[in-house]
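# Descriptive analysis of the structure
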Amino acid sequence: MSERPKPLVVITRKLPEPVEARMAQLFDVRVNADDRPMSHLDLVGAVREADVLVPTITDRIDRAVIEKAGERLKLIANFGNGVDNIDVAAAHERGVYVTNTPSVLNEDTADMTMALILAVPRRLVEGANLLQSAEPWAGWSPTWMLGRRIWGKKLGIVGMGRIGTAVARRARAFGLEIHYHNRRRVDPQTEKQLGATYWESLDQMLARADIISVNCPSTPATFHLLSARRLALAQSHAFIVNTARGDVIDEKAMIEMIDEGRLAGAGLDVFETTPSSNARLMKLAASGKVVLLPHMGSATLEGRIDMGEKVIINVRTLMDGHRPPDRILPGRV
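Residues numbered from 1 in each chain as written. Predicted model: local features only at pLDDT ≥ 70, side-chain atom pairs only at ≥ 80, totals over all residues. Heavy atoms only, no water.

## Digging into the environment of serine 298
For clarity, the cut-off: Helix and strand definitions here come from DSSP, where helices need a minimum of 4 consecutive H or I residues and strands a minimum of 2 consecutive E residues; each element is numbered from the N-terminal end. Burial here depends on accessible area, computed with a 1.4 Å probe over protein chains only, as a share of the maximum for the residue type. Under 20% is buried, over 50% is exposed, and the range in between is partly exposed. Pairs of residues are marked as contacts when any of their non-hydrogen atoms sit within 4.5 Å. Contacts described as polar in this section are N or O atom pairs within 3.5 Å, which, within protein, must combine one atom able to donate a hydrogen with one able to accept it, while residues neighboring in sequence count only if both atoms come from side chains.
Within the secondary structure layout, serine 298 lies in the loop between β12 (290-292) and α13 (301-319). Under the relative-accessibility criterion, serine 298 is labelled buried at 12%. Here the alpha-carbon distance between serine 298 and asparagine 314, two residues 16 residues apart in the chain, equals 20 Å. Those residues in contact with serine 298 that sit more than four places away from it in its chain are Leu105, Asp108, Thr109 and Arg304. Of note is the side chain of serine 298, whose polar atom sits 2.8 Å from the side chain of arginine 304.

## Considering the side chain of serine 213
Residue position: serine 213 is located in strand β9 (residues 211-214). Only 2.7 Å separates the side chain of serine 213 from the side chain of asparagine 215, close enough to count as a polar contact. Leaving out residues up to four positions away in the same chain, serine 213 has contacts with Thr113, Leu155, Gly156, Ile157, Val158, Val167 and Val241.

## Let's talk about the sheet that holds strand β1 (residues 8-11)
This is how it is decided: Two strands pair under a simple rule: DSSP has to find at least two bridges between them. Fitted lines through C-alpha atoms give the axes, limited to the stretch in contact for helices. The angle between two N-to-C directions lies from 0 to 180 degrees.
The sheet built from five strands is open, its strands ordered β2-β1-β3-β4-β5 with parallel pairing. Each of the sheet's edge strands pairs with one partner strand only, and the pair in question is β2 (28-30) and β5 (97-99). Adjacent strand axes in the sheet meet at a mean angle of 20 degrees when their direction is disregarded. Taken together, the three bridges between β1 and β2 define a ladder with parallel strand orientation. Among the inter-strand pairings, valine 10 is bridged to a residue of β2, identified as arginine 30.

## A closer look at the UniProt feature "domain: D-isomer specific 2-hydroxyacid dehydrogenase catalytic" (unreviewed entry) in the chain
Convention followed: UniProt positions are given in the numbering used here, feature names are shortened, and annotations may be inferred rather than shown by experiment.
The sites that UniProt annotates as "domain: D-isomer specific 2-hydroxyacid dehydrogenase catalytic" (unreviewed entry) are residues 9-327. As annotated, residues 9-327 has a helix share of 38% and a strand share of 13%, and its two end C-alpha atoms lie 17 Å apart.

## Some points on α13
For an α-helix, the turn length of 3.6 residues means that residues three or four places apart are oriented alike. Quick reminder of the rule: By this rule the span expected of a helix is its residue count minus one, scaled by 1.5 Å.
The end-to-end C-alpha distance of α13, which contains 19 residues, comes to 27 Å, matching closely the 27 Å that a straight helix rising 1.5 Å per residue would cover. Within the span of α13, buried status applies to Gly303, Met307, Gly308, Val311, Ile312, Asn314, Val315, Thr317 and Leu318. Of the surrounding elements, those touching the buried residues of α13 are β1, α1 (17-26), β3 (52-54), β4 (75-77), β5 and α5 (106-122).

Encoded structure:
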């Protein structure tokens, strides 16, 4: 009895060595050794040949790419939690499954969110940079590098899903009051454990929060959820922290408000535009009003390996004739 041929799995970016090695044992794998983002033509070529495409957030798998897919393509197994880089509806129309890697990045992303919640009000990056500058440190004084206390402040969480809840658990240990806005209210037991206050009105929560943490996914409904109008409701001493997706915030409006002193600052791990091309945002970072990170929220070795295991499970389940456990349906993102 002949063995079933291994599926061709095309991986668009370099993955951690343990993940690639495990995939190579199980599948016929084509890797991206130079780790450069694949072009539109490269992606079209991949979907024409592959049984499974493993893209990342840097790959735009739109309808134009999916419509070029060959008959072999059965699965787009995204190496990441969000699938806003994939046209899920177009894939569904062609009978191609789309999966993601949920849950494995919750704690890592929550850690980074908490790091920014601490770093921005306490001016940690600004202080660290000062010690590395050409100017010698003049020494301590009572009025030097004063930040803002976070103990007792109100944290407004926009999106109380798995990551938002993990952020709330950390923040409560730091003495922050937990407030949240979500599509659905969390269960009473979780609210009680966190001492969390639910706000049906996002506007009302924003007007009361000292720190606003964005932890909701990017969907058509959340595009510019924190619009210029809503940002204007925030208190002038409030800080914005975003480790979710850049387009949830009207970045231009936020920059203007920070620059004009109508917001105290921001900690950003994601951007609506590439930060290096936004001169105003980089200027605010240089002045210490914002802390910018290069999308590091989930960047731990353990997290990346766990993501790879999720991808492998989805591929193997499909090849065994079953529906992948982490499949995404149109409108369910």
